[in-house]
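# Structural features, examined
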Amino acid sequence: MSATADRLRVAAVGVGYLGRHHARILAQLEGVEFVGVVDRNEARAAEIAAGVGSRAFTDPGQLEGLVDAVTIAVPTEAHHEVAKPFLEAGIGVLVEKPLARTLAEADDLIAIAARTGAVFAVGHTERFNPAVTAALALVSNPGFVEIHRLGTFPERSLDIDVVFDLMIHDLDVLLATVGGEVVSVEAVGVPVLTGRVDIANARLKFASGCIANLTASRISRERVRKVRFFQQDAYLSIDYASQEVERWTLARTQGKLPVIEGGKLDIVHEEPLK
């Protein structure tokens, strides 16, 4: 936090498809002084900056001395290069997933943040989806999890495969809910419209015995973003997009047949990125 202000000075680095939403939200948040946007496309930087009433920059280095934290939504191949100077300066960084293009680059950024004490986070926005937040408290030792994240062909993120682009969200939620070690993985990925994997399926087995089946596609005709948990006497279904949760349980009463009860939960909708 700036010593001369009671608001956090923040800038958005990279204001393409997703970064422009970072800028829009940051410019509206209480407790934030939105310094400006950075994009190598000068016209785009100027357009987004004008829309949120801030300054436009074309080089992240221009933010030196002006910020306490930044969000980074540049192409994955540039994550390490862009994030490193900020972390070395002790500036907080929220970088969009995936963290970096290689494990070595990711480990390097983590090590720098640990050394300088900079806050370092990855944009796993689904953790903050109100539907997910509501459902997580109800997940208990699931035996089987089925996840589908299907989308139409995008005009972005084609520098990474569909696992890093889409399935990574579900892997994060899965690891947060099931817990424990993954003991085996069976997976297949197929490049269809690009030179990278466009559709993938993975079957994970956890030490608890839970089996998770995940499918991610960026070449589907319809958009589907759902996860279903099956556990003892209960079934939970989450629709990420509509922010809806259904919960069905088996109610047992002595001397009577079990009854299935449940339905949709009351969810207060909110923008996960915010």
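Residues numbered from 1 in each chain as written. Predicted model: local features only at pLDDT ≥ 70, side-chain atom pairs only at ≥ 80, totals over all residues. Heavy atoms only, no water.

By the definition in use, this model includes 2 aromatic pairs. Arranged with centres 5.1 Å apart and planes meeting at 40 degrees, the rings of phenylalanine 230 and tyrosine 235 form a pair that is tilted. Pairwise contacts between aromatic rings join Phe144, Phe230 and Tyr235 into one cluster. Stacked on the ring of tyrosine 240, the Lys or Arg arginine 149 has its end atom at 4.6 Å from the ring centre. (Phe/Tyr/Trp six-rings, centres within 6.5 Å; stacked < 30°, edge-to-face > 60°. Lys NZ or Arg CZ within 6 Å of the ring centre and 35° of its normal.)

The next subject is unusual backbone geometry. Cis geometry is adopted by the peptide bond preceding proline 98, which originates at lysine 97 and carries an omega value of -10 degrees. As for its position among the elements, proline 98 is in the loop between strand 5 (92–95) and helix 4 (103–116). Phi is positive for asparagine 141, close to 50 degrees, though the residue is something other than glycine. Relative to the helices and strands, asparagine 141 resides in the loop between helix 5 (130–136) and strand 7 (144–150). (Helix = DSSP H or I, 4+ residues; strand = E, 2+ residues; numbered from the N terminus.)

The set of residues buried in helix 3 (residues 79–88) consists of His79, His80, Val82, Ala83, Phe86 and Leu87. Within helix 3, the buried residues cover an arc of 165 degrees as seen down the axis, which keeps them to one side. The inward-facing, buried residues of helix 3 contact strand 1 (8–13), strand 4 (69–72), strand 5, helix 4 and strand 6 (120–122). Glycine 90 occupies a position one or two residues after helix 3 and carries a positive phi of about 80 degrees. (Buried < 20%, exposed > 50% of the residue type's maximum accessible area, 1.4 Å probe, protein only. Arc of directions from axis to C-beta. Contact = heavy atoms within 4.5 Å.)

Right, let's talk about the environment of valine 268 for a bit. Inspection of the secondary structure assignment puts valine 268 in the segment after strand 14 (259–264). For valine 268, a relative accessible area of 72% gives the class exposed. Expressed as a C-alpha distance, the spacing of valine 268 and alanine 106, which sit 162 residues apart in the sequence, is 35 Å.

Read from one edge of the open sheet, 6 strands run 3-2-1-4-5-6, paired in parallel fashion. Two strands bound the open sheet, and with one partner strand each, they are strand 3 (55–57) and strand 6. In this sheet, adjacent strand axes meet at a mean angle of 20 degrees when their direction is disregarded. Examined bridge by bridge, strand 1 and strand 2 (residues 32–38) share 6 bridges and lie parallel to one another. Residue pairing across strands places leucine 8 opposite valine 32, the latter belonging to strand 2. Seen against the sheet, helix 3 touches strand 1, strand 4, strand 5 and strand 6 and runs at an angle of roughly 175 degrees to strand 4. (Pairing = 2+ DSSP bridges. Axes fitted to C-alpha atoms, helices over the stretch in contact; angles between N-to-C directions.)

Chain-level pLDDT for the chain is 92 on average; 97% of the residues reach the 70-or-more range. The element-level mean pLDDT for the chain is lowest in strand 14, coming to 90, with strand 4 highest at 98. (pLDDT = per-residue confidence, 0-100.)

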